Every structure is written in structure tokens, then in C-alpha cells.
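Residues per chain are reported as follows:
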Amino acid sequence: MNFWYFLTALTLLSASMVILSKNPIHSVLYLVFTFFCISGHYVLLNAQFLMAVNIVVYAGAIMVLFLFVIMMMDLSKNSPDSKSTLTKLAGAILGGTLLVILIAASRKVDLKDVKPIDAQTGMVEGLGQILYRDYVLPFELVSILFFVAMVGAVMLGKREAGERNF
Amino acid sequence: MTKKIYLADLLEHILESLNIISPEVFLGAVFLLLIIAELFLYKYASQKTDLSESTNENTYQNTLWGITLISVLIALNQVILQFSNTNDTFLFGEMLILDSKAIFFKALNTLSVFFLLAHIYVSKRKYAGEFYPLVISVLIGLNLMTMSVNLLMIYLSIEIVSISSYILTAFNKTRKAAEGGLKYILFGAAASAVMLYGMSLLYGMTGTLNIASPDFSRGIAQTDNIASTIAIVLTLCGFLFKISASPFHIWTPDVYQSAPTPIVAFFAVAPKIAAFLVIIRFYSAVPNDLQVLTAVIALASITFGNFSALWQKDTKRLLAYSTIAHTGFMLIGLVTLSELGVKSVVFYLIVSLFTNFSAFLLIDLAANRTGNDVPESTSKFAIDNFKGLGRINPLFGILVVIVMISLAGLPPTAGFFAKLNVFSALWEAYQLSGRQILLLLFAFGLLNTVISLFFYLKIPFLMFFKESEEGQTFQLSTEQLALAILLVLPILLLFFKADWLMNIISQL
């Protein structure tokens, strides 16, 4: 339990550093660190497979790609703040209200009757059983979803001859 | 040994379910076929043979359009055939449900894709080949949305619709289209993220994703009211985004202005039809009292939509705000939480299918007429471009008047009965519960109907009472006129035979 508190504090700290740090590259690195912390939470929740996937896909592939893009775009120069004080204040009040509501709601949830889970729950075998048995239709539909997204990305990204580049 | 028998049963169930969702499986195959056909035809069309270049290009367009049209008609036929066996069946282990409501809404979705294709045909638009597979994938998503009773399936089908919609919005590849598409994807991604968060909270409270199961309602009822309401509201965010209800309406005018007009007409109709069925299913599953919440959202949508529409100078933006207001009116039907309310929503949806498609078709034809040359900086759809068109082409003027009157909700059009049903359901609900907010909603809704007259009648006013510029001509081709009349006729027909449609709806 103590380790859980330590990990949670670390996650929250690095997540807020993502927003607070001025340098976008630092933000991305903090985000990668946040993903590692979340993977640690997955291990504590007995979801080892999810942990591995999270590190490989998010921390590994997506965030490194993100880092490259930011480095290429050279955003490290501090651009002047475009938001007015009023906008910032309104945003802070709205976000704060939402936070208070969510905390108040989550305190009300009764979690006494949580059943202890089976040790095999988060393993690849159990996941595969569920994925190919109960959730076979969503699993197949995801392929349509990804295919649509790929077709769209290629179509929108491809520049035809003589087309304007903005 | 027992495990093996279980597996055989499961496989049999999956095969049986696959057989039942044959329209969607068929559309999935068409989706792949269109992408492959596009690859081969593109090469054929881009062969430069000096003389026949344009004919090659035309065959390319017509073939893809034709394949799409035929397969949509086949799918429509398959859906209609499903009406004959209306036993409510759960498919894929309670992932989907096929009841008469789902079949009816699937038929409406397919019909709206048919109108979309007809609109493309009469306005002689040319699209890159990826357009047609994307339209098919939207239809797959919409059909699955109408059948989903599992939160995961609801999320996934909404996402299929959304991703295809983002791409279709940015399809023209102009700067404006890119802006609209980017706004759409940012708001859409945020809305789905919030919806997923709400769904995960609901899963934590109930231990099931299946909204049709009694465990789901029981689990929510056992949780504290505040906590469960927040989870439900978060989940609703995603649905409300899809029907562009306030406060999730901000994307609507920009997207409608930048997307190709046939697609805009489709967006104004089909995703709303499917999303409303999802909302109806969700409302009947949760035990919480959502009456006040829905009333506030409906009130906000009507007010925002109508008052913003008053200042619009662009017809597409005007119609965008008008669809937001219409969403508000449809939500009134859900406020009542009664049988009559749900029926009135379905009626309203069908009426809005015809009115929105005809409204967008008519303004599109007028904006793209020959001789409507506007400078780069201004829009073809500016309201001033419609000056005097009714005098030049009276038949067109009359069609526009009918559509606008129907949007405003006056007799003798179907829009009148749509609003009447919704308001009578609301009045009944007020007399049952006696809540002040319902009376407020009733009064404010009626007031807004009057306000909406100002901007709806602005276009016919300009068309008949203002002089057009010198030397303007405006002729509709035969097929354009035929489609416009085909879309406007049901609006009149449903006024005189409203009970006929109500009878069909009450059998669902």
C-alpha cells in the first residue's frame, strides 16, 4: 500500500509537470515518465500484459515519435502567451469546479464489497480468452475503424501534383 | 470435455449472429471492394489519352458511384426484409440487439445515404475515390450504433462514425476544410474521452457493460445518487456531442460551413437518428431521474440555436444553428420520459430527415447555379445571393417556402405535427409531474418557435420581395427538380397523413 501511495504521488507530480514546464521537450519527457508510472499501476493491478503494451506502444512508439516532431518543429522558443487573464481565470474556475465535483462524487462511491481477484486475471491467456470469445465482434470491428483511419490519413496527407501546400 | 461443447455452442451462436447482421457484413465487404476498385480505376482514369481523358475520369466517378448506390440499395432491401421476423434477438452474446426499433432506424440510415448519393448525382460533383468507401463505413457505424446495447460497442460504433466524419469534413483539402476538420476532430476527441471516462465509472459501479441487463440498472440504483449521476452525465457528453446539443454544439457551424454540402445534409440527419436511438436505450436503462438535466440541455440548445441563427449571413451557418435548435426540440420528447415522448422524437427525426435534406439540396442548387460568381473572399452561400431567385424560378421559390415553413413548424407541413407531438407530450408530462421547469420549457419552446420564424422566412422574403441583379438566370435540370420534389412531397404528405406514420411508429 505504501508503494501505491509513492507511485501515485509520482504520477501526479510528473503529470502536473507536463503542463507546468515551459519547454515542450521537457513536457514530452515528463509525459513519457507519467506513462511509466501508469504502467507501474497496471502491475499493481495485476495487469502485466497491459503494462507491457503500454510501455511498448505509448512510451516507446507514440511518445518518441512525438518527441521527434517537436524537435523538428523547433518549438523551444518561448512564444508570447495568447490567452488573456480572463480566459485563464475562467478556465481555472471551471476546471476547479469539475475537480471538486469529481472528488465529491468519488468519495460517495462505496467500495467495500470489492471481491479479491483471481491471480490469472491480467495474464495474456485470460485476456485472449475474453477477447476472442466474448468480445469477438468489437475486436473485429476495431480493424474497420483502424482501416478507415489509415485510408483517411493517407488521403489527407498525400499531396497531389500541383496542389498548394499550407 | 465440457469446455469443448461450450466452444461449439459459442461458435454456432457467432455464426448465427453473423447471419443476422448480414446487411453490415455485406457493407463491410463493399467497403473493401470499393477501396480495391478505386485503386485499379484510378490508374485507368489517370491514363492521359488526350481525347478521352474526361470520359475516363467520368467512368471512374460513375463506376464508384454506381457500385455504392447498388450496394446501398441491396443493404436497404436486406434491412427491410428483416422486418418480417421481428423477434428481439441478442447477437454476439448480448453485444447487439436486433429489435424492430433498430431495424426501423437502420432503414432510415440507409435511406439517408441513398439521398446523399442522389444529391451528389444531381449536383454533378466529383470526389476522389476514397469518398465512397468512407460513406459506406459511416453507414456501417450508424447501423451498429442503432443495435448496440453494450457500452463498448456503443463507443466503438460512435468512433467509426466520428473518424469517418472527420475525414469527410476535411475532404475538399482546402484551407477552410482543414480548419473545419481540425475543429471537429479536437472537439470530438475530447467528447469521446469524457464519454469513455463516464463509461469506465459506470463499469466500476455496475460490473457490467451491458446496458440491457438488469445488473446494470441495479448496480446504478445501489450506488449513491450523486456519484451515479455524474458518471451518467459524463457518458451522455459523447452522445450529446453527436447530436450537437448545447453545450457541445460549438463545432457545428464551422463543420457545416467547411464540409461539402451533400455531406453536411447527411451529417445533419443520419448521425442524429442513430445517436437518438442510443440515447433512448441509455435513458431506459438508467434508473436516475434525468428530467431536469435534459430539460436544461433542451432549453439551452433551443435558445443558443435560435438566437445565434438570427444574426447569420450565410445560409449554411444559418441551417447549422437551426439544426442545433431542432436537436433541442427533439430532446423535449426525451424530457417527458414517456412512451408518447419517444414516439414524438421518432416522428420528429423522420420529418427532419426530409426537411434537412431538401433544405440543403435547395440552397446548394441555388448557390452553385451558373452565373453566381462571387469573389474568392466571400461565400457562395451568402444569404444575399438568394435575392430575387423566387421571381426568376417560381417553382424553386415555392419549394423553398415549403421547406422553410416546415423548419419553422407551421401548417400545412409535417414540421407542424412534429412540434405539436413533442409539445403535447411535454404538456402531458407537466400535468403528471407538475414540475415548474417543464412549464418553463413549454413556454420558452413556443416563444422560440415564434422567434425562429424571423430567420426562416428571411430567405423566402429575399427570394420574392427583392430584385435580383441584372441578367440572372436560374434553371433546374429535370433530375434536380425531380429529387427536390421527391424530398419535399413527404413533407406535405406527412401533414395530411400524419397518423399514418404515427401508426407505424407505435408498432415499433
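A quick note: this is a predicted structure, and the numbers were derived from the prediction, not measured.

**Remarks on the overall build of chain A**
Moving on, step 1. Scanning chain A from N- to C-terminus turns up six helices and zero strands.
Moving on, step 2. Along chain A, helices (α) and strands (β) appear in the sequence α-α-α-α-α-α when read from the amino end.
Moving on, step 3. Relative to its 166 residues, chain A shows a buried fraction of 21%.
Moving on, step 4. Within chain A, contacts between residues at least 6 apart in sequence are counted, and of these 58% link residues at least 24 apart.
Moving on, step 5. With an accessible surface of roughly 12300 Å², chain A has 72% of that area assigned to carbon and sulfur atoms.

**Here's the deal with the overall build of chain B**
Moving on, step 1. Counting its secondary structure elements, chain B contains 22 helices and two strands.
Moving on, step 2. Taken over C-alpha atoms, the radius of gyration comes to 23 Å for chain B, in line with the 23 Å a tight globule of 508 residues would show.
Moving on, step 3. For chain B, the spread of C-alpha atoms along the three principal axes comes to 80 × 60 × 40 Å.
Moving on, step 4. Counting over 508 residues, chain B shows a buried share of 59%.
Moving on, step 5. For chain B, the share of sequence-separated contacts (at least 6 apart) that also reach a separation of at least 24 residues comes to 80%.

**Notes on empty space enclosed by the protein**
All names here are of chain B.
Moving on, step 1. Under the defined criterion, the tally for this structure stands at three cavities of 30 Å³ or more.
Moving on, step 2. Lining the largest cavity, in full, are H326, Y348, V351, S352, T355, N356, S406, L407, G415, A418 and K419.
Moving on, step 3. Top element by residues in the lining of the largest cavity is helix α15 (residues 339–367). It accounts for five residues.
Moving on, step 4. Residues of the lining of the largest cavity, tallied by class, amount to four nonpolar, six polar and one charged.

**Focus: the domain arrangement of chain A**
Moving on, step 1. Per the domain assignment, the segments of chain A are domain 1 (1–76) and domain 2 (123–161).
Moving on, step 2. For domain 1 of chain A versus domain 2 of chain A, the distance between C-alpha centres works out to 24 Å.

**Let's talk about the interface of chain B and chain A**
Moving on, step 1. The partner chain A presents 26 residues to the 38 residues of chain B that form the contact.
Moving on, step 2. Summing the contributions of chain B and of chain A, the shared interface buries around 3000 Å²; its carbon and sulfur component is 81%.
Moving on, step 3. Among the residues chain B hides against chain A, the three largest losses belong to L156(B), I167(B) and K173(B). Together they make up 19% of the total.
Moving on, step 4. One can count zero salt bridges joining chain B with chain A.
Moving on, step 5. Counting across the chain B and chain A interface gives zero residue pairs in polar contact (both at pLDDT 80 or more).
Moving on, step 6. Of all the elements in the fold, those that place two or more residues in the side of chain B that touches chain A are α1 (2–20), α2 (22–45), α5 (131–147), α6 (151–169), α7 (175–206) and α9 (225–242) of chain B.
Moving on, step 7. Broken down by element, the residue count for the side of chain B that touches chain A peaks at eight residues, all from α6(B).

**Some details on the packing of helix α14 (residues 315–335) of chain B against helix α19 (residues 436–456) of chain B**
Two measures define how a pair of helices packs: the angle their axes make with one another and the distance between the axes.
All names here are of chain B.
Moving on, step 1. Remark: α14 packs on α19, axes separated minimally by 12 Å, with the N-to-C direction vectors making an angle of 155°. As summarised for this structure, α14 and α19 are arranged roughly antiparallel, according to the angle between their axes. As for the relative orientation of α14 and α19, their crossing is left-handed in sense. Contacts from L318, S322, H326, F329, I332 and V335 of α14 reach α19 at L438, L441, G445, T449, F455 and Y456.

**Quick look at the side chain of T355(B)**
Residue and element names in this part refer to chain B.
Moving on, step 1. As for its position among the elements, T355 is in helix α15.
Moving on, step 2. Taking relative accessible area as the criterion, T355 reaches 4% and is therefore assigned buried.
Moving on, step 3. Separated by 2.7 Å, the side chain of T355 and the backbone oxygen of V351 make a polar contact.

**Some thoughts on helix α6 (residues 136–157) of chain A**
Moving on, step 1. In this model, α6(A) (22 residues) spans 32 Å end to end at C-alpha, consistent with the 32 Å of a helix rising 1.5 Å per residue.
Moving on, step 2. For α6(A), the complete set of buried residues consists of V136(A), L137(A), P138(A), L141(A), I144(A), L145(A), V148(A), V151(A), G152(A) and M155(A).

**A short note on the confidence of the model for chain B**
Moving on, step 1. Averaged over all residues, the pLDDT of chain B equals 87, while 95% of them reach at least 70.
Moving on, step 2. Averaged pLDDT values for the elements of chain B fall to 79 in α1(B) and rise to 94 in α6(B).

**What about the packing of aromatic side chains?**
Residues and elements named next belong to chain B.
Moving on, step 1. Considering all chains together, one arrives at 31 aromatic pairs over all chains under this definition.
Moving on, step 2. An angle of 80° between the planes, with centres 5.6 Å apart, marks the rings of F239 and F282 as edge-to-face. One end of the pair, F239, is in helix α9; the other, F282, is in helix α12 (residues 270–285), and 43 residues separate them in sequence.
Moving on, step 3. For F282, a relative accessible area of 0% translates into the label buried.
Moving on, step 4. Consider the rings of W427 and F442, whose centres lie 5.2 Å apart with planes at 45°: the pair is tilted. Remark: F442 occurs in helix α19 and W427 occurs in helix α18 (residues 414–433); sequence separation between them is 15 residues.
Moving on, step 5. Each residue in the set Y166, Y184, F241, W251 and F267 is aromatic and connected to the rest through ring pairs, giving one cluster.
Moving on, step 6. Taking NZ or CZ as reference, K316 lies 4.5 Å from the ring centre of F381, over its face.
Moving on, step 7. Taking the ring centre of F329 as reference, the NZ or CZ of K419 above it sits at 4.6 Å.

Thresholds, definitions, all that
Residues numbered from 1 in each chain as written. Chains lettered and ligands numbered in written order. Predicted model: local features only at pLDDT ≥ 70, side-chain atom pairs only at ≥ 80, totals over all residues. Heavy atoms only, no water. Helix = DSSP H or I, 4+ residues; strand = E, 2+ residues; numbered from the N terminus. Buried < 20%, exposed > 50% of the residue type's maximum accessible area, 1.4 Å probe, protein only. Contact = heavy atoms within 4.5 Å. Areas by Shrake-Rupley, 256 points an atom, 1.4 Å probe, with all protein chains shown as cover. Rg over C-alpha atoms; globule rule 2.2 N^0.38 Å. 1 Å grid on protein atoms, 1.4 Å probe; cavity = no way out; pocket = protein on both sides within 12 Å on 5 of 7 lines; lining within 4 Å. Points joined across faces, edges and corners; volume = space filled by probe spheres on them. Nonpolar A, V, L, I, M, F, W, Y, C, P; charged D, E, K, R; others polar. Domains from an automatic or database assignment. Buried area = accessible area lost by both parts, 1.4 Å probe. Salt bridge = Lys/Arg side-chain N within 4 Å of Asp/Glu carboxyl O. Polar contact = N/O pair within 3.5 Å; in protein donor to acceptor, adjacent residues only side chain to side chain. Axes fitted to C-alpha atoms, helices over the stretch in contact; angles between N-to-C directions. Parallel < 35°, antiparallel > 145°, perpendicular 65-115°, else oblique. Left-handed = near helix turned anticlockwise from the far one by under 90°. Expected span 1.5 Å × (residues − 1). pLDDT = per-residue confidence, 0-100. Phe/Tyr/Trp six-rings, centres within 6.5 Å; stacked < 30°, edge-to-face > 60°. Lys NZ or Arg CZ within 6 Å of the ring centre and 35° of its normal.

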